[in-house]
Amino acid sequence: GDSVTQTEGQVALSEEDFLTIHCNYSASGYPALFWYVQYPGEGPQFLFRASRDKEKGSSRGFEATYDKGTTSFHLRKASVQESDSAVYYCALGDRANTGKLTFGDGTVLTVKP
Amino acid sequence: GPKVLQIPSHQIIDMGQMVTLNCDPVSNHLYFYWYKQILGQQMEFLVNFYNGKVMEKSKLFKDQFSVERPDGSYFTLKIQPTALEDSAVYFCASSPDWGGYAEQFFGPGTRLTVL
């Protein structure tokens, strides 16, 4: 079945550092790929999506590029802020199905001022 | 932005009892979902629902689980009877569009503790 792997369980950075969270997926065809962010006490919030090879998704300074060759959708941000501290989830949506999302384990990002 | 509400935020019950988790989806959304997250584990899809019917369910959606949305009110997840392994955070989501490309809007979750 479909699966999503996030390499980093926890990331600790200082403000203005560069962020990379690695996401790799396993699925047939061209799934949609998502990043969601979850703040304490809230549910996951949609950050952005990409649905075809080489497409870049972006929002709030975060970006990721769909790479079918390496089956990856790595999240990057050039300069993080303390307010970016949250849990980040990579997720996969099967284009043929009924809207089910398959999530990665999540990455806890802590940004120190 | 649009908000999904979940009631209650925390529920503690004894094993074998029935529990109903309530979700108030975004008002113009037509597609509804439940996900389950056991502490420290992945969030996993349980079920989705449209037009009064379950469209797809996972193997986690046991026979003791049921969902409904009577007359456009809350979208509910009922577990009867509960088991210890049902302890988890349950997230409700809704979306305006169908399919794997749709953005889903999540509620804050209900933490269910089965004793």
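The preceding data block contains the structure.
A. Structural detail: the environment of A:D84. Residues and elements named next belong to chain A. Checked against the element boundaries, D84 lands in the loop between β9 (75–77) and β10 (86–93). With relative accessibility at 7%, the residue D84 sits in the buried group. For the pair D84 and F34, spaced 50 residues apart in the sequence, the C-alpha separation amounts to 17 Å.

B. Representation of the interface of chain B and chain A within the structure. With 20 residues of chain B at the interface, the matching set in chain A holds 25 residues. The largest contributions to the chain B side of the interface with chain A come from B:Q42, B:G100 and B:Y101, which together make up 35% of the buried area. Put simply, chain B and chain A have 1 salt bridge between them. Taken together, the links from chain B to chain A amount to 9 residue pairs in polar contact (both at pLDDT 80 or more). Secondary structure elements with two or more residues in the side of chain B that touches chain A: β4 (31–37), β5 (43–50) and β6 (53–57) of chain B.

C. The arrangement of unusual backbone geometry in detail. Of the consecutive residues B:I7 and B:P8, the connecting peptide bond is found in the cis state with omega at -5 degrees. Counting through the fold element by element, B:P8 comes out in the loop between β1 (5–7) and β2 (10–13). Residue B:P81 is reached from B:Q80 by a cis peptide bond, and omega for that bond is -5 degrees. One non-glycine residue, A:T71, lies in the positive phi region at around 45 degrees. Classification of A:T71 as partly exposed rests on a relative accessible area of 30%.

Thresholds applied
Residues numbered from 1 in each chain as written. Chains lettered and ligands numbered in written order. Predicted model: local features only at pLDDT ≥ 70, side-chain atom pairs only at ≥ 80, totals over all residues. Heavy atoms only, no water. Helix = DSSP H or I, 4+ residues; strand = E, 2+ residues; numbered from the N terminus. Buried < 20%, exposed > 50% of the residue type's maximum accessible area, 1.4 Å probe, protein only. Contact = heavy atoms within 4.5 Å. Buried area = accessible area lost by both parts, 1.4 Å probe. Salt bridge = Lys/Arg side-chain N within 4 Å of Asp/Glu carboxyl O. Polar contact = N/O pair within 3.5 Å; in protein donor to acceptor, adjacent residues only side chain to side chain.

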